[in-house]
4 protein chains.
Amino acid sequence: MSSSFGLVFRVSTWGESHGPGVGVVVDGCPSCIALSAEDVQRELDRRRPGQSDIVTPRKEEDRVEILSGVLEGRTLGTPIAMLVRNKDHRSSAYDEMQHIYRPSHADYCYDAKYGLRAWAGGGRASARETIGRVAAGAVARAVVRTLCPQVEVVAWVQQVHHICCPVPPEEVSAQAVESNIVRTADAASAEAMAAAIREARGRGDSLGGVIGCTVRNCPVGLGDPVFDKLEATLGHAMLSIPACKGFEVGSGFSAPSFTGISHNDPFCMEGTRVRTRTNHSGGIQGGISNGEDILMRLAFKPTATLMVEQETVNDQGQSTTLRGKGRHDACVLPRAVPIVEAMAWITLCDHLLRQRTVSAARS
Amino acid sequence: MSSSFGLVFRVSTWGESHGPGVGVVVDGCPSCIALSAEDVQRELDRRRPGQSDIVTPRKEEDRVEILSGVLEGRTLGTPIAMLVRNKDHRSSAYDEMQHIYRPSHADYCYDAKYGLRAWAGGGRASARETIGRVAAGAVARAVVRTLCPQVEVVAWVQQVHHICCPVPPEEVSAQAVESNIVRTADAASAEAMAAAIREARGRGDSLGGVIGCTVRNCPVGLGDPVFDKLEATLGHAMLSIPACKGFEVGSGFSAPSFTGISHNDPFCMEGTRVRTRTNHSGGIQGGISNGEDILMRLAFKPTATLMVEQETVNDQGQSTTLRGKGRHDACVLPRAVPIVEAMAWITLCDHLLRQRTVSAARS
Amino acid sequence: MSSSFGLVFRVSTWGESHGPGVGVVVDGCPSCIALSAEDVQRELDRRRPGQSDIVTPRKEEDRVEILSGVLEGRTLGTPIAMLVRNKDHRSSAYDEMQHIYRPSHADYCYDAKYGLRAWAGGGRASARETIGRVAAGAVARAVVRTLCPQVEVVAWVQQVHHICCPVPPEEVSAQAVESNIVRTADAASAEAMAAAIREARGRGDSLGGVIGCTVRNCPVGLGDPVFDKLEATLGHAMLSIPACKGFEVGSGFSAPSFTGISHNDPFCMEGTRVRTRTNHSGGIQGGISNGEDILMRLAFKPTATLMVEQETVNDQGQSTTLRGKGRHDACVLPRAVPIVEAMAWITLCDHLLRQRTVSAARS
Amino acid sequence: MSSSFGLVFRVSTWGESHGPGVGVVVDGCPSCIALSAEDVQRELDRRRPGQSDIVTPRKEEDRVEILSGVLEGRTLGTPIAMLVRNKDHRSSAYDEMQHIYRPSHADYCYDAKYGLRAWAGGGRASARETIGRVAAGAVARAVVRTLCPQVEVVAWVQQVHHICCPVPPEEVSAQAVESNIVRTADAASAEAMAAAIREARGRGDSLGGVIGCTVRNCPVGLGDPVFDKLEATLGHAMLSIPACKGFEVGSGFSAPSFTGISHNDPFCMEGTRVRTRTNHSGGIQGGISNGEDILMRLAFKPTATLMVEQETVNDQGQSTTLRGKGRHDACVLPRAVPIVEAMAWITLCDHLLRQRTVSAARS
């Protein structure tokens with residue numbers, strides 16, 4: 001139960017960072033969707049380590065193998081299992097972690113919850129778990145784009161530490177985001193952010209930031225209106241990404257600075273289409289998409305693995321210190337962008353399929 | 001599927017605002033928990049309209065009837081159904097709404113999603129839906145407090161428009177919160193907030209704000225480490241509350257202003273107990289509770305119902321205007337406090353019961 | 001979790017026999033389906049006590065109230081809550097049952113499972129729980145018949161003790177079944193069965209039997225091919241009916257008497273439609289409906305409540321005896337027929353809605 | 001959704017017979033359970049082809065690889081993914097099947113449901129899917145036996161065509177079952193059954209039969225009392241096994257031949273333990289285990305693949321004929337025994353873990 005997401009389009013990831021591999025099973029995917037291993041690999045390559053000098057230099061090729069559910073380039077309607085083998089990169093760098101709890105990592109909580117843990121490199125709490133999400137996101141994207149070809153999901157780094165990208169969400173293009181190593185929306189911000197990341201890494205420190213994500217041309221009517229409001233399930237999806245500490249939609253935490261008169265989005269007609277003049281709602285009203293751009297923002301904390309000595313305790317309840325080893329991201333945001341997009345596609349796909357059952361009597 | 005929450009402790013609400021009633025079924029509640037209708041009524045009274053001059057003056061008595069699952073003051077382990085009858089307060093005030101979409105309400109989206117809607121007073125999108133949540137929250141509270149008597153959940157109004165309450169989360173007491181009509185943490189803030197709400201209402205306007213919520217003495221080990229991280233399910237729960245636009249845990253959206261060195265929470269021993277020196281993690285690491293206070297903040301938008309004329313369209317695609325009628329909250333936050341607490345109890349209860357299956361081989 | 005059935009079309013019953021009432025919430029019902037309280041009441045009247053001299057003479061009117069989810073005769077797409085009040089018929093007849101376990105009833109197991117039980121009249125294990133099923137079945141029927149008007153579900157009493165009704169399944173008509181008090185398929189069988197039931201009742205004894213159920217004009221393609229095969233979910237549904245001890249589909253327990261050559265159903269064309277020459281498969285192949293009649297048979301044990309003295313024990317572990325009191329069915333089958341049909345409609349409805357998500361890319 | 005089973009202990013299989021492999025993910029397994037690949041392999045070896053001369057002579061080694069969720073011989077509490085590679089045994093034997101529907105197979109229904117199918121060798125409908133079930137069953141067994149070491153599950157072939165094994169259920173031993181190639185309970189029956197299978201195979205025909213399954217020393221209190229009655233979920237599990245056409249528990253289809261007086265199971269004390277004098281209930285009352293042996297019987301149809309020419313149609317709607325090719329089981333029952341046991345373990349394990357949440361307030 002802990003490792004599944006979605007009701008109809010159901011994604012289940014599995015795998016520890018230093019076990020044989022990581023992967024995902026996607027159940028509930030409609031049949032007859034065009035899908036190839038390349039479609040999945042393309043997204044995995046975007047989250048892979050070693051893409052640039054500001055992310056971890058670890059060499060993980062992360063080749064995906066589709067084990068089931070696809071025949072001759074089309075989905076069968078049966079579960080799609082995908083596997084990425086782990087390289088055997090376990091080193092003595094991890095030996096120390098067997099008994100010492102890394103601050104602000106999951107080590108202590110895993111031990112408390114399970115009575116044991118896969119201590120080498122994070123185990124299930126490793127960022128490698130997100131490989132399964134990105135692979136499933138590629139499937140979800142294929143489904144959504146087949147059913148609604150106009151839908152677009154774009155995420156980008158809006159902020160790293162104190163450096164903010166000034167491009168407004170509606171002007172961010174996927175192309176611009178992919179054209180710089182930070183995955184922010186313009187070149188100048190990218191340069192400043194990259195410099196800040198390099199500087200932090202240089203002193204063994206790390207940085208956090210904010211990722212923006214927008215969904216364009218979302219069909220009207222997605223989202224279940226009570227517990228599974230579209231923003232609630234998107235929030236669930238995003239807050240489950242490692243290091244995410246906050247989620248907001250539309251006006252978000254700036255909503256209180258408005259009053260009702262300035263915050264409400266007046267309806268107007270654009271031809272035969274109902275539009276809103278402003279979009280403080282962020283494309284969702286009453287938990288249901290209204291066809292305007294969905295706008296989300298996610299806060300990420302600075303990476304917890306640091307190359308400096310930190311105070312901590314061991315599993316015998318003794319005080320000690322720990323200094324991070326190995327090769328880690330000093331800022332996870334560039335590689336988190338495809339993960340955010342994957343979670344958005346997965347959530348949209350589930351709601352899109354659910355909606356086919358709600359509207360059954362009208363089509 | 002749209003109206004249920006929780007995996008083991010499963011809450012399903014039902015009801016439209018102007019139908020016969022609203023209610024909830026709680027399935028998966030353990031047996032032999034002490035529970036009375038008074039326990040539930042006490043919480044419902046906290047969310048009831050008409051409690052003070054700054055909330056809607058509507059008279060809704062909202063008496064709960066427990067229809068099943070409880071015998072002689074103890075839960076039977078079977079589904080607990082609870083019912084609150086609606087008063088017949090449908091008036092001509094709502095007639096206009098049958099064909100005109102209220103800005104920033106759910107009207108248009110419901111029509112688009114379902115092909116029809118219960119147009120009188122919001123139907124399923126009405127705040128009356130939250131009656132079921134508060135009733136279920138009272139059950140969840142009884143379960144959690146039976147299993148872990150030390151656990152405490154306190155929510156309070158931290159901010160109304162530009163007015164912030166300065167009391168730090170660890171000093172907020174439930175008593176202080178209940179002693180003022182705004183449900184903020186000190187009297188001075190309460191006075192200023194109440195004045196702002198009255199002023200906004202006076203000109204037909206409305207205000208939003210921020211609600212803080214803390215869980216104290218949470219057992220270590222709650223939360224599932226991938227999709228159902230404790231913060232992800234809490235976020236899901238909170239973002240499903242009407243008018244909530246943002247959710248953060250621990251350092252939240254201020255996390256990017258730290259660097260890793262200042263953000264990490266060093267572990268230390270307090271006797272035999274593992275503690276952290278700071279709590280930027282907000283009591284959750286790797287998706288699992290670590291025993292420190294859980295700290296959450298929720299952003300609420302200003303109430304969408306305004307007593308001024310607004311631009312909108314009708315269901316025939318024609319431009320028109322609408323002015324709110326009836327008696328509405330100019331600020332939902334005072335009455336949202338018990339709803340936030342209810343959703344916290346429900347989420348905790350589900351995780352607490354789940355954890356009994358995870359640790360099965362160790363007890 | 002214990003009291004819900006279905007994935008997309010989700011039915012949750014609640015209620016003890018001697019509490020305030022029993023009921024059901026149906027979530028996931030499509031919007032815009034014509035539905036009235038009369039549609040539901042009609043089915044409830046078929047399962048009501050007191051319909052004839054061979055069933056329990058208890059007077060339970062069982063008037064249903066639809067509390068939500070329906071407006072002006074059409075479903076809203078939101079949860080449909082339905083309530084039937086219990087009459088206050090608790091009598092001293094039940095006092096003895098507080099501490100003595102009735103043989104072949106649920107009393108002992110409830111105590112063992114929950115640590116307590118609603119001892120008056122069966123509580124949750126009472127046949128009154130099936131009121132919620134029948135009400136939900138009426139909703140499911142409305143959905144299926146709206147989407148596929150040709151689908152027909154007919155159940156009938158095939159056997160009471162040693163008396164078998166000779167009418168072959170394909171010739172059984174709903175009309176014939178409703179025209180006799182046993183709900184068997186012809187008048188002669190009805191007379192013999194009724195006589196047997198009266199005779200058994202006369203000596204304080206009870207009878208079991210077999211109910212047949214057929215689905216005609218089922219769309220091809222329903223059923224999920226692995227764990228949720230159509231026969232597996234139908235079996236789950238039927239075996240959850242109180243007193244049901246066995247379920248078979250198609251050739252069922254007579255399958256072993258065939259060899260493969262005589263058992264296989266050859267395919268043939270009927271115009272453009274694929275048919276099978278025989279139907280040993282019972283309308284389901286590989287877990288998926290093939291368009292032929294679905295044929296099921298359910299075994300029911302004799303009623304456990306007997307008007308004779310029986311050996312048993314009490315909750316103190318002492319040997320004692322018990323003689324049934326009150327007014328009970330000496331044979332549950334006539335009143336079980338509408339319950340069987342309800343469970344068939346519910347299962348079909350869920351699969352029909354699921355299939356809309358599977359085939360999403362093809363329509 | 002189609003490929004998962006269980007609520008807390010959740011089993012999800014995936015894989016087509018002629019794709020890269022088949023496998024399973026087990027989520028919700030408690031931590032700290034002793035488990036090795038050998039524990040799983042032992043069960044897989046029991047379902048493997050080529051074990052004797054009466055089953056298919058195909059050589060499938062079926063080596064399992066545990067990809068996650070286990071470290072140093074203990075479960076981590078995280079998802080356990082297991083993979084078995086398919087051999088590349090696709091041959092021209094299957095070419096014909098691309099367009100012709102095999103009678104009483106899933107081919108036609110898959111095409112109708114999905115719009116395409118993995119036509120080589122059955123795809124998802126192949127018996128290879130059950131590899132995942134057997135692997136998951138080995139995990140479930142380890143969990144149940146850790147929590148309740150006395151629990152025993154034994155299945156055996158009770159009947160092949162007209163040959164019945166006379167050993168009463170309570171006398172069947174696992175050892176006896178494993179000591180003959182038919183997996184029946186005594187040597188004489190085994191010989192007669194094997195001869196019948198060889199004879200049928202010799203003329204291109206096939207046989208069905210009945211498998212009995214008993215659970216001994218089941219804890220009292222397992223099973224949810226309404227839709228998820230223990231017999232209903234066991235029935236669901238068993239009826240989802242390919243070729244299973246019927247399921248009964250306790251007296252089953254012979255229940256109608258009793259009257260209530262002879263069918264009821266009188267309670268009596270055995271020391272401090274509540275027992276029943278007879279066991280027509282089959283160890284389950286009110287959907288909940290009562291501690292007596294659980295007794296089930298499953299009917300299996302004769303294998304649908306026949307080495308004789310049969311009438312059928314192709315996917316163009318034309319009449320044609322088909323003769324089976326390749327190497328198939330003329331009787332599936334010997335290899336179905338470990339599958340039946342696996343589904344019993346999985347169902348018991350899920351209920352055992354569920355029960356820990358029901359009784360939470362009492363321990």
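Keep in mind the model is a prediction, meaning the values are calculated, not measured.

Caption draft 1: The overall build of chain A, seen in detail. The helix and strand tally for chain A stands at eight helices and 18 strands. On C-alpha atoms alone, chain A measures out to a radius of gyration of 21 Å, which is about the 21 Å that the 2.2 N^0.38 rule sets for 363 residues. Each principal axis of the C-alpha atoms in chain A carries an extent, and together these give about 65 × 50 × 40 Å. Going through the 363 residues of chain A one by one, you find that 67% of them count as buried. In chain A, once contacts between residues fewer than 6 apart in sequence are set aside, the share between residues at least 24 apart is 69%. Entry remark: accessible area of chain A is about 10900 Å², with carbon and sulfur atoms responsible for 49%. One finds the centroid of the 39 positive side-chain charges in chain A at a distance of 2 Å from the centroid of its 40 negative side-chain charges.

Caption draft 2: A look at helix α1 (residues 37-47) of chain C. For α1(C), the full list of buried residues reads Val40(C), Gln41(C), Glu43(C), Leu44(C), Arg46(C) and Arg47(C). Against β4 (64-66), β7 (80-85), α3 (130-147), α4 (174-178) and α8 (333-358) of chain C lie the buried residues of α1(C).

Caption draft 3: Up close: the relation of the copies chain D and chain C. With an RMSD of 0.0 Å, the operation that places chain D on chain C is a rotation of 180 degrees combined with a shift of 0.0 Å along the axis. Such a combination of turn and shift is consistent with a two-fold rotation axis. The share of interface residues of chain D whose copies in chain C are also at the interface is 99%, consistent with both copies meeting through the same surface.

Caption draft 4: A look at the interface of chain C and chain A. Between chain C and chain A, the residue contacts involve 15 residues of the former and 15 residues of the latter. Looking only at chain C, the three residues that lose the most surface to chain A are Arg356(C), Thr357(C) and Ala361(C), adding up to 35% of its buried area. At the junction of chain C with chain A, the criterion picks out three residue pairs in polar contact (both at pLDDT 80 or more). If you list the elements that add at least two residues to the side of chain C that touches chain A, you get α3 and α8 of chain C. In terms of residues, the side of chain C that touches chain A owes the most to one element, α8(C), which gives four residues. Taken together, the residues that form the side of chain C that touches chain A break down as nine nonpolar, four polar and two charged.

Caption draft 5: Just the packing of α3(C) against α8(C), in detail. Residues and elements named next belong to chain C. Running from N to C, α3 and α8 cross one another at 45 degrees; their axes reach a closest spacing of 7 Å. With respect to α8, the axis of α3 lies oblique. Crossing of α3 over α8 shows left-handed handedness. Judged by residue contacts, Thr130, Arg133, Val134, Ala136, Gly137, Ala140, Arg141, Val143, Val144, Arg145 and Leu147 of α3 engage Pro338, Ile339, Ala342, Met343, Trp345, Ile346, Leu348, Cys349, Leu352, Leu353 and Arg356 from α8. Across the contact of α3 with α8, the residue classes tally to 16 nonpolar, two polar and four charged.

Caption draft 6: Looking closely at the relation of the copies chain C and chain A. Least-squares fitting of chain C to chain A yields an RMSD of 0.0 Å, with the superposition described by an axial translation of 0.0 Å and a rotation of 180 degrees. When you check the interface residues of chain C against chain A, 100% turn up at the interface there too, and the contact is symmetric in its surfaces.

Caption draft 7: Seen up close, the side chain of Asp27(C). Here Asp27(C) shows up in strand β3 (residues 21-27). Look at Asp27(C): it is buried, it has no salt bridge, and the nearest opposite charge is Arg124(B) at 6.6 Å. Within the structure, Asp27(C) has its side chain in polar contact with the backbone nitrogen of Ser3(B) (distance 3.0 Å).

Caption draft 8: Structural context of the sheet that holds strand β3 (residues 21-27) of chain A. Residues and elements named next belong to chain A. Taken in spatial order, the five strands line up as β1-β2-β3-β7-β4 in an open sheet, and their pairing is antiparallel. Only two strands of the sheet have a single neighbouring strand rather than two, namely β1 (4-5) and β4 (64-66). Two strands pair when backbone bridges link them, and β3 and strand β7 (residues 80-85) are joined in this way by six bridges, in the antiparallel orientation. Pairing of Val25 across the sheet is with Ala81, part of β7. Along the sheet, helix α1 (residues 37-47) contacts β4 and β7; its crossing angle with β4, the most-contacted strand, is approximately 150 degrees.

So, how was this worked out
Residues numbered from 1 in each chain as written. Chains lettered and ligands numbered in written order. Predicted model: local features only at pLDDT ≥ 70, side-chain atom pairs only at ≥ 80, totals over all residues. Heavy atoms only, no water. Helix = DSSP H or I, 4+ residues; strand = E, 2+ residues; numbered from the N terminus. Rg over C-alpha atoms; globule rule 2.2 N^0.38 Å. Buried < 20%, exposed > 50% of the residue type's maximum accessible area, 1.4 Å probe, protein only. Contact = heavy atoms within 4.5 Å. Areas by Shrake-Rupley, 256 points an atom, 1.4 Å probe, with all protein chains shown as cover. Lys, Arg positive; Asp, Glu negative; His and termini not counted. Charge placed at Lys NZ, Arg CZ, Asp CG, Glu CD. Least-squares fit on C-alpha atoms with pLDDT ≥ 70 in both. Buried area = accessible area lost by both parts, 1.4 Å probe. Polar contact = N/O pair within 3.5 Å; in protein donor to acceptor, adjacent residues only side chain to side chain. Nonpolar A, V, L, I, M, F, W, Y, C, P; charged D, E, K, R; others polar. Axes fitted to C-alpha atoms, helices over the stretch in contact; angles between N-to-C directions. Parallel < 35°, antiparallel > 145°, perpendicular 65-115°, else oblique. Left-handed = near helix turned anticlockwise from the far one by under 90°. Salt bridge = Lys/Arg side-chain N within 4 Å of Asp/Glu carboxyl O. Pairing = 2+ DSSP bridges.

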